[in-house]
Structures are given as structure tokens and as C-alpha cells.
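Chain by chain, the residues:
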Amino acid sequence: HLILFDSGSQVAVFDEKTHQQLWRHEFIGDRDYWLSTDRVVASDGKVFIACKATTEGPWQITCRDLKTGEVQWKAAADSLDTDGALTDRLSIVCAAGGYVLAANGSRRLKFDEKYGQKGRAVNYVFSVRNGRLLSKFVFEPTGHGGFATNVFFLDGLVWSKTRDAWVGWDPKTGQERRRTK
């Protein structure tokens, strides 16, 4: 399937063979917050979309069936810790192994060298099955232009790039399991 989205608030899914549109959805609350590659991810027959529920918020992740567009679940971001966060944006980094990995901030977020970093980075792990927030990992990002989205899955752990090291943490508990420089 082909997933298209505009720089505003629409997502459309097309059949890869027939090029027929399967479904389309407009997110009314997102008019001031563009959909971009860090907010739409497809995996295992599902589409995960980070968007605001209304223009003022809050952020949420919506899981839709890739073929039908039917909403499978919504995870409200009011349970997310945004106090002291780098930004109030929510990015979806990837979906794999039964988890949806999200981060506060954009993949394009840079820190100002003159003024230093402000706030902290947070990575979140949601269940693909039901959208439940399983864990989060709060850390001080790298100071040279770090990203809350410098994160990936490997060997059953979520790896986040902190100021001092790559930290591997358990996606179910948020507990650190490994650290490498």
C-alpha cells in the first residue's frame, strides 16, 4: 500500500496495484501542526499517526487498519510526561516487535549551541495491540544537536542516545539494561 499525506492534516492510503484510494482521513485539530514523516508510520498492516486531538491538544497516537482505515485504538498523550520536555511535539520513530516507539520532539529538532540545550528528551513505548503506554525513558540528550528520535530497537531493547552513551532499556519497564560509549 502507498500512504500519502499532505503538509497539512490529511492522510490517504492507496492500493499499490490498482492505485485506488482505500481510505482518507482529515485531522481537524492538526491545521497548525503539519503531518510529516516523523508522525506517520506503517507496520504489520497498521498505520500509526501522531496528531493533536484538537488545535490546542492534547497529542495522541491513532492506530488505523492499513486496508480499511478503521480506528483500532487511540492513545491519549495526557498520560505522557511533558513537564520539562524539549517540545510539546510527539514523533513516531518506528513500530516493530509489538511496540510503537515515540519521542517528544521532531527528528529535525536542533539545540542552540549559543544557549545550550533546554529540557530533556523522552522516549515512549506503546503496545501495538492496544495502545497502552508501557514505559518511558527520560534522558539528557546530546548537546551538539541531539534528537529525542535518536532511538531504535535492537536485541529486545530500545536504544537511546544520551549525552554520555547509548543506553539500552527494557521496552516493558523502562529500566536500563545495557550501556555503551
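Residues numbered from 1 in each chain as written. Predicted model: local features only at pLDDT ≥ 70, side-chain atom pairs only at ≥ 80, totals over all residues. Heavy atoms only, no water.

Caption draft 1: Region of the structure containing the sheet that holds strand β11 (residues 133-139). Sheet architecture is open: four strands sit in the order β8-β9-β10-β11, paired in antiparallel fashion. Taken across any chain shown, the strands that pair with only one partner, and hence form the sheet edges, are β8 (90-96) and β11. Geometrically, the sheet is characterised by an average inter-axis angle of 20° between neighbouring strands, direction not taken into account. Judged from the six bridges that link them, β8 and strand β9 (residues 99-104) form a sheet pairing that is antiparallel. Paired with Leu90 across the two strands is Asn104, which belongs to β9. (Pairing = 2+ DSSP bridges. Helix = DSSP H or I, 4+ residues; strand = E, 2+ residues; numbered from the N terminus. Axes fitted to C-alpha atoms, helices over the stretch in contact; angles between N-to-C directions.)

Caption draft 2: Looking closely at the pattern of salt bridges. Here the structure, examined in full by the defined rule, presents two salt bridges. Between Asp170 and Arg177 there is a salt bridge, with its nearest N and O atoms 3.9 Å apart. Exposure remark for Asp170: the relative accessible area of 19% places this residue in the buried category. Residue classification places Arg177 among the partly exposed residues on the basis of a relative accessible area of 49%. Note that Arg179 and Glu176 form a salt bridge whose closest N and O atoms lie 2.9 Å from each other. (Salt bridge = Lys/Arg side-chain N within 4 Å of Asp/Glu carboxyl O. Buried < 20%, exposed > 50% of the residue type's maximum accessible area, 1.4 Å probe, protein only.)

Caption draft 3: Fine view of unusual backbone geometry. Unusually for a residue other than glycine, His19 sits at a positive phi of about 65°. For His19, a relative accessible area of 59% puts it in the exposed group. Backbone geometry places Asp44, a non-glycine residue, at a positive phi of 50°. Mapped onto the elements, Asp44 comes out in the loop between β4 (40-43) and β5 (46-52).

Caption draft 4: Spatial organisation of the side chain of Thr162. Along the polypeptide, Thr162 turns up in the loop between β13 (157-161) and β14 (166-169). On the accessibility criterion, Thr162 (7% relative accessible area) is buried. From its side chain, Thr162 meets the backbone oxygen of Ala165 in a polar contact 2.7 Å long. (Polar contact = N/O pair within 3.5 Å; in protein donor to acceptor, adjacent residues only side chain to side chain.)

Caption draft 5: Looking closely at the nonpolar core. Among the nonpolar cores identified, the biggest contains 17 residues, and Phe48, Ile61, Trp73, Leu90, Ile92, Val100 and Phe126 are the most heavily contacted of them. If you list the elements that add at least two residues to this core, you get β5, β6 (59-65), β7 (71-76), β8, β9 and β10 (121-127). Leaving out residues up to four positions away in the same chain, Ile61 has contacts with Phe48, Ile49, Ala50, Trp73, Lys74, Ala75, Leu90, Ile92, Ala102 and Phe126. (Core = buried A, V, L, I, M, F, W, Y, C linked by side-chain atoms within 4.5 Å. Contact = heavy atoms within 4.5 Å.)

Caption draft 6: Structural detail: the sheet that holds β6. The antiparallel open sheet is built from four strands, whose spatial order is β4-β5-β6-β7. Because the sheet does not close on itself, it has two edges, and the strands there are β4 and β7. Sheet twist, expressed as the average angle between the axes of neighbouring strands with direction ignored, equals 20°. With seven bridges joining them, β5 and β6 adopt antiparallel strand pairing. Among the inter-strand pairings, Phe48 is bridged to a residue of β6, identified as Cys63.

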